[in-house]
Amino acid sequence: MTANVVPALEVRNITKQFPGVLANDQISFTLLPGEIHAFLGENGAGKSTLMNILYGLYDPDQGEILINGELAKIKNPADAIRLGLGMVHQEYALVDTLTVTENIILGTELRNGPILNAKEASQRVRELSEQYGLAVPPDAIVGDLPVGVQQRVEILKALYRNVNMLILDEPTAVLTPQEADDLFRVMRELADQGKALIFITHKLREVREVADRITVLRRGKVVGGADPKTASEGQLAALMVGRDVVLKVDKTAANPGDAVLKVRNLKLRDDRGLTVLDDVSLDVHAGEVLGIAGVQGNGQTELVEAITGLQHLPTGSIELLGKDITNRPPRSITEQGVAYIPEDRKGTGLVLGYSIRDNLVLSTYYKAPFTKGLTFNDAAIDENAKELIETFDVRTPSATTTAGSLSGGNQQKIIVAREFTRENRLLIASQPTRGIDVGSIEFIHNQIIKQRDAGLAVLLVSAELDEILSLADRVAVMYHGKIVGILPIAEATRERVGLLMAGIQEQPNGK
Amino acid sequence: MKFTRARGVGLLGIFIAIVLIFAVNNSLGNKITEKSKIQSIWDFTSTIRIPDSANMKVDPKAPPVAAIELPTMITISLICGALVIAGGTLIAKNPERGWVAPYMSSVIALGFFSILLWAVANNSVDLSDTLSRVVRLGTPIAIGALAGIVCERSGVVNIGIEGMMLTAACFGYAAAAISARAIYGDALPESAVRGVVWMPLIIGILGAIVTGGMMAALHAWLSIRFKVDQVISGTVINIMAVGITGFTRTNFLLKFESPLRTGLPQMPLGPLADIPLLGPILFDHKPITYLMILMVFGLNFFLFRTVWGLRTRAIGEHPKAADTVGINVNRMRYRNVIIGGMIAGVAGAWFSLEGSFGFDDGMTSGQGFISLAAMIFGKWNPIGAFGGSLLFSSADALQLKVQAYSFDLPSQFMQMLPYVVTLIVLAGVIGRARPPAASGKVYEK
C-alpha cells in the first residue's frame with residue numbers, strides 16, 4: 001500500500017451497539033481508489049451493519065468516517081450519494097413497475113420544469129451503460145427483467161449519480177455462476193476506471209477470484225486481513241469462523257433403492273397467469289439426495305409447496321410410496337412420512353411467539369403421548385423438549401424461551417429436531433442453511449447425510465450451488481419452472497450446472 | 001368436470017340471461033290485457049330516438065335525427081340467446097384466461113340494454129338524454145376515483161373518500177350560502193340571470209376543496225404520523241363526517257336564510273352542444289362535469305409524465321427505494337393525501353352545488369365507496385377509473401330512467417343494481433387488479 005495515495009474512504013474505530021449485540025466493535029479500514037476491497041464474514045459478523053452505517057442508514061455510536069481525507073457526516077443515503085458513495089443492496093431497491101430509465105433517474109430526474117424529460121433520460125442511460133459495459137434495455141419494465149440485469153440497473157443507478165465508491169452487498173447471492181463472472185468483469189472494469197469498490201460476501205471462492213485486498217470480520221471485529229493471491233480457502237475459512245472448519249461434507253457414495261417420491265407433469269400458473277411450474281417430473285429414490293439447483297424464483301418454492309400440500313395443483317400427480325398424495329391436506333402428507341424444512345424459517349417453519357418446547361411438538365401435539373384425552377400431557381412435552389434440545393445441540397437458556405429470540409442457526413436446529421424425529425420416508429429440505437452460521441451449517445449438512453444413509457429419500461433445494469454440489473447424489477436444475485436437466489453428481493460440474501441455471505441446454509453435437 | 005372461474009362466470013351469465021327472458025316474457029304478457037291494440041307479446045316494439053338538439057331549441061317538437069324501432073321481444077331474445085350460447089361455450093371449452101372479462105362485461109352491458117328495451121316496450125327512449133345522464137351521474141364517482149388514485153398510488157389507502165365528499169358537500173354549500181348573504185344581503189341583485197351569481201358559487205367550490213383537504217390532512221396525520229391502520233383511520237373519517245354534517249345541518253344550515261336559490265348552471269358549449277347525440281353527451285353539462293373530464297386527462301398526464309408522478313408511483317410501490325435516492329416518502333404522502341382530499345372536495349361540491357342545490361344528510365349515499373370500486377376497476381389508472389365510473393353511473397342512470405315508465409321491475413331492485421355491479425366487479429370477475437404494492441403499509445425507515 002503506498003502511503004502517498006489519499007484513501008477514498010477511511011473508517012476509524014466504528015462501534016455500533018444493538019440491544020444485546022455489539023454489532024461493530026472498533027472497526028477501522030481504508031479503501032483506495034481503483035481497488036476492490038472484499039469484506040468476508042459469516043452471517044451476523046457485522047458486515048451489513050458496517051455498510052449501513054457508511055450508507056447513512058444507521059448512526060454509529062462511536063468512530064469517524066473520512067472521505068477523500070476529510071471528515072464526513074453521513075446522516076442518510078442522500079448524504080452518502082452526495083459524498084460519492086453508492087450502494088447496491090442485497091435486496092434491490094428497484095421499483096418493479098417502473099422502467100429501467102425511470103428507476104435510474106428517480107430522485108435526480110432530468111426535467112423541463114415539472115415535466116420529465118424522458119427521451120434525454122433514456123439516452124443518458126444508454127450512454128452510461130455503454131461506458132461501463134453494463135448492458136440494459138432502458139425502456140423495459142424492471143419487474144420483467146432477470147435478476148442479473150436488475151443488478152446492473154442498480155449499479156447504473158449509483159453510477160448515474162457520479163459515485164466514485166460503490167458498496168456491493170452479497171451481490172452474487174442470486175446470480176448463476178456465469179452471471180457472477182460477468183459481474184466480476186464489470187467490477188474490474190469499474191476499478192480500472194478509478195472507482196473504489198467494497199465487495200461483501202461469505203463465499204471464499206469469489207474473494208480470491210476478484211478482490212485486491214481482503215478484510216475478515218468476526219463477531220463485529222476485524223480479525224485480520226489477507227492477500228487473495230496467497231491465502232488459501234482453508235485459511236480464510238478458519239479466520240472467518242475462528243477455528244478450523246471442514247469444508248467438504250464427509251459422505252460415502254449413495255446406495256439408492258426404490259423410488260419413494262414420484263412427481264409427474266406438474267403444471268401451475270400464478271395469479272398473473274405466468275407459468276411457474278412447467279411440466280415438472282422427477283423421482284427421488286430411497287437413500288439418495290436429489291439436489292435442485294437454480295436461481296431463486298424459478299419454481300423451486302412452488303414445487304416444494306406442491307409436494308408438501310401447501311400449494312393446490314390444477315394438473316399433475318405426486319405419489320409417495322406408490323400412494324397418490326396430490327392435493328392432500330398437509331397434515332395427511334406429513335403423517336405419511338414426510339419431513340419438511342421450509343425455506344421460510346420464520347414464517348412457515350416456526351411459530352416465533354411460541355416457546356421452543358411448543359414448537360418442538362407442532363406436528364405431533366395432537367397425538368399420544370403429547371395429548372391425553374382433551375388436555376396436553378405437559379410432562380411428555382417437557383421431556384421431549386429436553387431430549388431434543390440436547391441431541392440437536394440447540395443453544396438456549398431454557399425450553400420455554402420463545403423461538404423468535406434465538407439465532408437463525410438455533411432456530412433451524414429446532415426445525416430439524418422436530419422434523420427428523422418422526423418416522424420418515426422422505427425429507428424435503430428447502431434452503432436449509434440460508435443465513436445461518438458455519439457451525440450450524442456443518443451440523444445440518446451432517447444430519448441430512450445421516451438421514452440419507454438411514455434410507456430416506458432426500459429432496460434438497462438450494463440456491464447455493466456449493467451446497468448442492470457437496471450434498472447431492474444427483475442434481476436437477478430448474479429454470480423458468482422447468483427441469484432443464486438432471487445430472488449424476490460425477491458429471492455435475494460448476495460450469496455445466498451454471499449453464500443449465502441460465503436456461504442454456506446442451507446440444508448433443510456442438511451448436 | 002372441474003369447477004373453474006370461467007365455468008362459474010359462464011353459469012352466472014346463463015342464469016342472468018334466462019331470468020331476464022322469463023321476467024320480460026311475464027311482464028309483457030301482463031301488459032297485453034291492459035292495451036287493446038296488442039295481441040301478442042311479439043307485437044311490442046321499443047323505440048330508440050336520437051333527437052335533433054340544434055332544432056329542438058327553436059322547436060321543442062322537432063323530429064328526431066333518427067328513431068330506431070326494435071321489436072322488443074325478438075331483440076331481447078336474441079341478446080339472451082347469444083349470452084346463453086357464449087356462456088355455454090365458456091363452460092364447455094373452459095378457456096384458461098382472456099375470455100372471462102369480455103364475457104362478463106358483455107353480460108353487464110347487454111343486460112342493461114335489455115332492461116332499457118324492456119322498460120320502454122311500446123314506448124320510446126331518448127338515447128342522448130340517457131347517455132348524457134350517465135356522464136352527469138358519473139362525475140362525482142370519477143372525481144372520487146381520481147382522489148383515491150392520488151392517495152393509493154402514493155401508498156395510502158383512502159377509504160374515507162365518502163366522508164371527505166360528504167363533509168365537503170356540507171361546508172361547500174355552507175360557504176356558498178353564507179358568502180351570498182354577506183355579498184348580497186337578503187336579495188340577489190337584478191343582474192343575476194335566473195338567479196345565477198358566480199361569486200358565492202365559486203367560494204362554495206373553494207370551501208368544499210378546503211374542507212376535503214382538511215379531512216384528508218386528518219387522515220394523513222392519523223395514518224402517517226401516528227401509524228394508525230389506514231382502513232381504520234378512513235372509517236373514522238367516514239363516521240365523523242356523518243356526525244359533523246348532521247350537526248351542522250340541524251343546528252345551522254336549516255335555520256340559515258340565504259338569498260341563493262340555484263346552484264351551478266347548465267353551460268352548453270356553443271355549437272358543439274348542437275351535434276346530434278355527441279353534443280348532449282359531452283358538450284352540454286354543468287361546470288364540474290367539464291372539470292371532471294379535464295381532471296381525468298390531467299391526472300393521467302401528471303401521473304405518467306411528470307417528476308411528481310414518477311415519485312408518487314415509486315413511493316406507492318417501493319418506498320424504501322425512493323427513500324434511498326433522497327425522496328422524503330412521508331412528506332410526499334402527506335402532500336398527496338391532502339391533494340386527494342381536495343379532489344374529493346370537488347366531488348363533494350358536485351353534490352351540493354351542481355347535482356342538486358342544498359345539503360341533505362348522507363347525500364353522497366355511498367358514491368365515495370363506488371368511487372373506490374371504479375378506481376380498482378380501472379386498475380389505478382385515471383382513464384380506466386373514468387371508464388369504471390361510467391359503468392357504475394350507467395347502472396344508476398338506467399335505474400332513474402326506467403322509473404319514469406310504469407315498469408314491472410321493482411324500484412328497490414333497480415336501486416340495488418349499481419351495488420350488485422360493484423360486487424361482481426370487486427369479486428375479481430373483470431380480471432384481477434393489482435394494487436400499488438405498498439398501499440396501506442406504513443413506511444418506517
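It should be emphasised that the depicted structure is a prediction, and the values quoted were computed from it without experimental measurement. Along each chain, residue indices are assigned from 1 in the same order as the chain's sequence is written. Each chain is given a letter, starting from A, and each ligand a number, starting from 1, according to the order in which they appear as written. It should be noted that, the model being predicted, local features are given only for residues of pLDDT at least 70 and side-chain atom pairs only at 80 or more, the latter also being counted only at that level, while totals for whole chains, interfaces and linings use all residues. Side-chain metrics rest on all non-hydrogen atoms present in the structure, leaving aside hydrogens and water.

**Q** Can you help me understand the overall build of chain B in this one?
**A** Strands here mean DSSP runs of E at least two residues long; helices mean DSSP runs of H or I at least four residues long; both are numbered from the N terminus. A count of helices and strands for chain B gives 16 helices and 5 strands. Using C-alpha atoms as the atom set, the radius of gyration is obtained and then compared with a globule rule of 2.2 Å times the number of residues to the power 0.38. Computed over C-alpha atoms, the radius of gyration of chain B comes to 24 Å, within 12% of the 22 Å expected from 2.2 N^0.38 for 445 residues, which places it in the range of a compact globule. Taken along its principal axes, the extent of the C-alpha atoms in chain B is 70 × 70 × 40 Å. Any residue under 20% of the maximum accessible area for its type is buried, any over 50% is exposed, and the rest in between are partly exposed; the area is computed with a 1.4 Å probe on protein chains only. Of all 445 residues assigned to chain B, the portion counted as buried reaches 52%. When contacts within chain B are restricted to residue pairs at least 6 apart in sequence, long-range pairs at least 24 apart make up 78% of them. Methods summary: accessible areas were calculated by the Shrake-Rupley approach with a probe of 1.4 Å, and residue burial reflects only the protein chains presented. Accessible surface, chain B as shown: approximately 19,700 Å² in total, 66% of it carbon and sulfur. Charged side chains of chain B number 35 positive and 24 negative; the gap between the two group centres comes to 11 Å. Every residue pair with non-hydrogen atoms within 4.5 Å of one another is taken to be in contact. The charge count treats Lys and Arg as positive and Asp and Glu as negative. His and the chain ends do not count. We put the charge of a Lys on NZ, of an Arg on CZ, of an Asp on CG and of a Glu on CD.

**Q** Would you take a moment to explain the packing of aromatic side chains for this structure?
**A** Aromatic rings considered in pairs are described by the distance between their centres and by the relative angle of their planes. Residue and element names in this part refer to chain A. Here a pair means two rings of Phe, Tyr or Trp (six-membered ring of Trp) with centres within 6.5 Å. Their orientation is stacked below 30 degrees between planes, edge-to-face above 60, and tilted elsewhere. All told, the structure shown has 12 aromatic pairs over all chains when counted by the stated rule. Here Tyr 365 and Phe 376 contribute two aromatic rings whose centre-to-centre distance is 6.4 Å and whose plane-to-plane angle is 75°, an arrangement assigned as edge-to-face. Here the residue Tyr 365 occupies a position in the loop between helix 12 (356–359) and strand 19 (371–372), and Phe 376 occupies one in strand 20 (residues 375–376), the gap between them amounting to 11 residues. Residue class for Tyr 365 comes out partly exposed when judged on its relative accessible area of 32%. Three or more aromatic residues joined by ring pairs make a cluster, and in this case those are Tyr 365, Tyr 366 and Phe 376. Its end group placed over the ring of Tyr 366, Arg 331 keeps NZ or CZ at 3.5 Å from the ring centre. Lysine NZ or arginine CZ positioned within 6 Å of the ring centre and within 35 degrees of the ring normal marks a charge as sitting over the ring.

**Q** For this particular structure, what's the right way to read the interface of chain A and chain B?
**A** Bring the parts together and some accessible area is lost; that lost area is often taken as the interface size. At the interface, 27 residues of chain A touch 21 residues of chain B. Of the roughly 2,000 Å² buried at the junction of chain A and chain B (both faces included), carbon and sulfur atoms supply 63%. Two parts lose some accessible area (1.4 Å probe) when they are put together, and adding that loss for both gives the buried area. When the buried area of chain A at its contact with chain B is split by residue, Val 95, Leu 106 and Leu 116 of chain A rank highest and sum to 22% of it. The term salt bridge refers to a side-chain nitrogen of Lys or Arg lying within 4 Å of a carboxyl oxygen of Asp or Glu. Taken together, chain A and chain B are joined by 2 salt bridges.

**Q** For this particular structure, what's the right way to read helix 8 (residues 233–241) of chain A?
**A** Taken as a whole, helix 8 of chain A has its buried residues at Leu 236, Ala 237, Ala 238, Met 240 and Val 241 of chain A. Against strand 3 (36–40), helix 7 (204–210), strand 11 (213–218), strand 12 (221–226) and helix 15 (438–453) of chain A lie the buried residues of helix 8 of chain A.

**Q** How do you make sense of the pairing of strand 6 (residues 85–88) of chain A when you look at a structure like this?
**A** Side-chain direction in a regular strand flips from residue to residue, so the side chains alternate between the two faces of the sheet. Residues and elements named next belong to chain A. Here strand 6 shows a buried face lined by Leu 85 and Met 87 and a second buried face lined by Gly 86 and Val 88. Being paired, for any two strands, means DSSP has found at least two bridges between them. With 4 bridges connecting them, strand 6 and strand 9 (residues 165–169) associate as parallel partners. In the sheet register, Met 87 faces strand 9, and the bridge partner there is Ile 167.

**Q** Mind showing me how you'd approach the domain arrangement of chain B here?
**A** All names here are of chain B. Looking at chain B, the domain boundaries give domain 1 (5–121) and domain 2 (129–403). Domain boundaries shown here were taken from an automatic or database domain assignment. Look at where the C-alpha atoms of domain 1 and domain 2 centre, and you get two points 33 Å apart. Taken residue by residue, the interface counts 11 residues in domain 1 and 12 residues in domain 2. For the pair domain 1 and domain 2, the two sides together bury roughly 910 Å², of which 77% comes from carbon and sulfur. By the criterion of area lost to domain 2, the three top residues of domain 1 are Ser 53, Phe 112 and Leu 116, representing 46% of everything that side buries. Viewed at the interface, domain 2 and domain 1 are joined by 0 salt bridges. Counting only elements with at least two residues in the side of domain 1 that touches domain 2, the list comes to helix 2 (53–58) and helix 4 (100–119). Ranked by residues supplied to the side of domain 1 that touches domain 2, first place goes to helix 4 with 5 residues.

**Q** Got a minute to help me understand the confidence of the model for chain B in this structure?
**A** A low pLDDT score tells you not to read the predicted coordinates there in detail. The predictor attaches a confidence to each residue, called pLDDT, with possible values from 0 through 100. Here chain B averages 90 in pLDDT, and 97% of its residues register 70 or above. The ipTM value of the predicted complex is 0.85, and its pTM value is 0.83.

**Q** Looking at this structure, how should I read the pattern of salt bridges?
**A** Residues and elements named next belong to chain A. On inspection of all chains with the given rule, the structure shows 34 salt bridges over all chains. We note a salt bridge from Lys 157 to Glu 154, for which the minimum N-O separation is 3.8 Å. Here Lys 157 and its partner Glu 154 are both found in helix 5 (residues 147–160), 3 residues apart, which amounts to about one turn of the helix. With respect to class, Lys 157 is no different from Glu 154; both count as buried. Asp 212 is paired through a salt bridge with Arg 188; the nearest N and O atoms lie 3.1 Å apart. Pair noted here: Asp 212 is in the loop between helix 7 and strand 11 and Arg 188 is in helix 6 (residues 177–192), with a separation of 24 residues, a long-range link. In the salt-bridge network here, residues are joined through shared partners; they are Lys 251, Arg 452, Asp 453 and Asp 473.

**Q** Is there a simple way to explain the nonpolar core in this structure?
**A** Side chains that are nonpolar tend, in soluble globular proteins, to be buried together. In terms of nonpolar packing, the biggest core is built from 181 residues, with Ile 155, Leu 166, Met 187 and Ile 214 of chain A together with Ile 115 and Trp 118 of chain B touching the most fellow members. Aside from chain neighbours lying at most four places away, what touches Leu 166 of chain A is Gly 86, Met 87, Val 88, Ile 155, Ala 158, Leu 190, Ala 196, Leu 197 and Ile 198 of chain A. In this structure, Val 394, Ile 436, Leu 456 and Val 475 of chain A belong to the second largest nonpolar core, which totals 43 residues. Nonpolar cores are built from buried Ala, Val, Leu, Ile, Met, Phe, Trp, Tyr and Cys residues. Side-chain atoms within 4.5 Å join them into one set.

**Q** Hey, could you run me through the packing of helix 5 (residues 127–153) of chain B against helix 14 (residues 367–377) of chain B in this one?
**A** To describe two helices that pack against each other, one gives the angle between their axes and the distance between the axes. All names here are of chain B. Across the interface, helix 5 lies against helix 14 with an axial gap of 8 Å and an inter-helix angle of 65°. In the packing of helix 5 onto helix 14, the handedness of the crossing is right-handed. Contacts from Pro 140, Ile 141, Gly 144, Ala 145, Gly 148, Ile 149 and Glu 152 of helix 5 reach helix 14 at Gln 367, Ile 370, Ser 371, Ala 374 and Met 375. Only the stretch in contact is used when a helix axis is fitted, and all axes are lines through C-alpha atoms; the angle between N-to-C directions ranges over 0 to 180 degrees. Two helices that cross are described as forming a left-handed crossing if the nearer one is turned anticlockwise from the farther one by less than a right angle, and a right-handed crossing if clockwise.

**Q** It is not clear to me how the environment of His 285 of chain A should be interpreted in this structure. Could you clarify?
**A** All names here are of chain A. Within the secondary structure, His 285 is located in strand 14 (residues 275–285). In this structure the C-alpha to C-alpha distance between His 285 and Ala 259, which are 26 residues apart in sequence, comes to 3.9 Å. Excluding its chain neighbours within four sequence positions, the residues that come into contact with His 285 are Pro 256, Gly 257, Asp 258, Ala 259, Val 260, Leu 456, Ala 457 and Arg 474. Polar contacts involving the side chain of His 285 include one to the main-chain carbonyl oxygen of Gly 257, which spans 3.1 Å. For the purposes of these results, a polar contact is taken to be a pair of N or O atoms within 3.5 Å, where, inside protein, one atom must be able to donate a hydrogen and its partner to accept one; residues adjacent in sequence count only when each atom of the pair is a side-chain atom. Polar contacts involving the side chain of His 285 include one to the main-chain amide nitrogen of Ala 259, which spans 3.3 Å.

**Q** Sorry if this is basic, but what is going on with the side chain of Lys 195 of chain A here?
**A** Mapping Lys 195 of chain A onto the fold places it in the loop between helix 6 and strand 10 (196–201). No salt bridge is formed by the buried Lys 195 of chain A. Its closest oppositely charged neighbour is Glu 189 of chain A, at 11 Å.

**Q** Which parts of the structure should I look at to understand the pairing of strand 18 (residues 338–341) of chain A?
**A** Residues and elements named next belong to chain A. Burial along strand 18 is two-sided: Val 338 and Tyr 340 facing one way and Ala 339 and Ile 341 facing the other are all buried. Summarising the sheet, strand 18 and strand 21 (residues 426–430) pair through 4 bridges and their orientation is parallel. Bridge pairing links Tyr 340 to Ile 428 in strand 21.

**Q** Honestly, unusual backbone geometry in this entry has me stumped. Any pointers?
**A** Negative phi values dominate among residues other than glycine, just as trans dominates among peptide bonds. All names here are of chain A. A cis amide bond links Ala 368 to the next residue, Pro 369, at an omega of 0°. Inspection of the secondary structure assignment puts Pro 369 in the loop between helix 12 and strand 19. The phi angle at Asn 13 is positive, at roughly 50°, despite the residue not being glycine. Mapped onto the elements, Asn 13 comes out in strand 1 (residues 9–18). With relative accessibility at 38%, the residue Asn 13 sits in the partly exposed group. One non-glycine residue, Asn 265, lies in the positive phi region at around 50°. By secondary structure assignment, the location of Asn 265 is in strand 13 (residues 259–269). Asn 265 sits in the partly exposed class, given a relative accessible area of 40%.

**Q** What exactly am I supposed to notice about the domain arrangement of chain A here?
**A** Split by domain assignment, chain A resolves into domain 1 (9–241), domain 2 (246–337 + 424–511) and domain 3 (349–422). Placing a centre on the C-alpha atoms of domain 1 of chain A and another on those of domain 3 of chain A gives a separation of 40 Å.

**Q** Where do I start with the UniProt feature "domain: ABC transporter" (unreviewed entry) in chain A in this structure?
**A** UniProt positions are given in the numbering used here, feature names are shortened, and annotations may be inferred rather than shown by experiment. According to UniProt, the positions carrying the feature "domain: ABC transporter" (unreviewed entry) are residues 9–244 and 261–505 of chain A. With 34% helix and 28% strand, residues 9–244 of chain A has its two end C-alpha atoms placed 33 Å apart.

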